[in-house]
Amino acid sequence: MDLAYIPSPSESVWHLGPIPIRAYALCLIAGIVAACWIAEARLRSRGAPKWAVLDLAVWAVPFGIVGARLYHVFTSPDAYFGADGDPWKILAVWEGGLGIPGAILLGAVGMWLGCRQLGLPFAMVADACIPGIPVAQAIGRLGNWFNQELYGKPLDAWWAVSIDMEHRVSGYREYSTFHPTFLYEALWNLGVAAVLLLADRRWKFGAGRAVALYAALYWTGRYWIEGLRIDPAEGWLGLRLNQWVSIVVVVLAVIYLLAVRGTRRVFVLDGGDRVVVDWDSDAAKAAGYVDGALPKGAEPGEIESAADDAADDDEAEPDRPEDDVIPDDPSAEESPADAGKSRDDN
């Protein structure tokens, strides 16, 4: 038996009594959990309320799933509206078929709505949460492996993936091993996440610039990976639709990075309310931030306005004794009894 390739799972669904447990769904859930965990940690380090990410996820996740499915249907319409298509299959999300662009676009709309509900700045939240997105994508791509889908051209190499006959794309039945493009994308996404974390630590991105960097990096990889895939998809002038999307998004993301300036913003407490300040401001330092982040488990400290500081300074200055007169003070008067005495006699 030749083991010089990556085998595909023989099963992608298990039954717990009458309830089907699908590997694809488990991978999606695991990816969402990982993204939420990363986002929560990063939002906490910026002073956001505890578990704010769960309130945001209530909006972002459903919007993202709907957007992902709609994008997939738009880019691969024949499976649903073609000669042998079945429109009802649009609802069969568990069979696979979620488009990342749609997930990000509508997911961002959902997050924006969540931010409005919580009173959080959308750009600040997006920059904090974005490194978790490619991690979620990487985990979710494992679902494609279980479903034996979204692989690439035939490949004879030790890292090729074996695909069962019933899952092979029409026109490629005689081949058994293919480019594991889902694995390529998973590894690329993990690299994107690492670059985002390191770059944000170095440059303290703000104003949505971390999101722009993610878009530029992810879609650069998606362009060449998409060129290896053989699953049916809409195309134009020799390029698949997602490759055209890649070109447009990368260009726009680079323009945004060059044109927009902004630094990381963090929350501080002012009179019990959370307000947003620059990460390197005096207010942030006074609230306990170190290099733009709170120590693990810490909450942002209370800050005071300049007027309050001045008032506190006045209250903190000790009263001078009445006989402690500053010599240079012209208002200090000597009594007649003290006239003519030296200072040493007092």
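Residues numbered from 1 in each chain as written. Predicted model: local features only at pLDDT ≥ 70, side-chain atom pairs only at ≥ 80, totals over all residues. Heavy atoms only, no water.

Going by what an unreviewed UniProt entry lists, the chain is known as Phosphatidylglycerol--prolipoprotein diacylglyceryl transferase and is assigned to Glycomyces rhizosphaerae. Turning to the chain, the UniProt record has this under Subcellular location (unreviewed entry): "Cell membrane". Check the Function (unreviewed entry) section of the UniProt entry for the chain; it says "Catalyzes the transfer of the diacylglyceryl group from phosphatidylglycerol to the sulfhydryl group of the N-terminal cysteine of a prolipoprotein, the first step in the formation of mature lipoproteins." (UniProt positions renumbered as here; feature names shortened; annotations may be inferred.)

Draft legend 1. Quick look at the packing of helix α6 (residues 132-147) against helix α8 (residues 209-226). Relative orientation of the contacting elements α6 and α8 amounts to 25°, with a least axis distance of 11 Å. What the angle tells us is that α6 and α8 run roughly parallel. Listed contacts from α8 to Ile133, Pro134, Gln137 and Arg141 of α6 are Tyr214, Tyr218 and Arg222. (Axes fitted to C-alpha atoms, helices over the stretch in contact; angles between N-to-C directions. Helix = DSSP H or I, 4+ residues; strand = E, 2+ residues; numbered from the N terminus. Parallel < 35°, antiparallel > 145°, perpendicular 65-115°, else oblique. Contact = heavy atoms within 4.5 Å.)

Draft legend 2. Local environment of the nonpolar core. Leu43, Val125 and Tyr289 are the most contacted members of the largest nonpolar core, which totals 25 residues. For this core, the secondary structure elements donating two or more residues are α1 (23-45), α2 (52-75), α4 (100-118), α5 (122-129) and β7 (265-270). Here the element with the most residues in this core is α2; it accounts for five residues. Leaving out residues up to four positions away in the same chain, Tyr289 has contacts with Ser45, Arg46, Gly47, Val266, Phe267, Val268, Ala284, Leu294 and Pro300. Judged by nonpolar contacts, the second largest core, of 16 residues, contains Val192, Ala212, Ala216 and Trp219. (Core = buried A, V, L, I, M, F, W, Y, C linked by side-chain atoms within 4.5 Å. Buried < 20%, exposed > 50% of the residue type's maximum accessible area, 1.4 Å probe, protein only.)

Draft legend 3. Inspection of the side chain of Asp200 at higher detail. Mapped onto the elements, Asp200 comes out in helix α7 (residues 181-203). Within polar-contact distance, the side chain of Asp200 engages the side chain of Arg46 at 2.9 Å. Within the structure, the side chain of Asp200 is placed 3.0 Å from the backbone nitrogen of Phe205, a separation counted as a polar contact. Ignoring any residue separated from it by four or fewer positions in sequence, one finds Asp200 in contact with Arg42, Arg46, Phe205 and Arg264. (Polar contact = N/O pair within 3.5 Å; in protein donor to acceptor, adjacent residues only side chain to side chain.)

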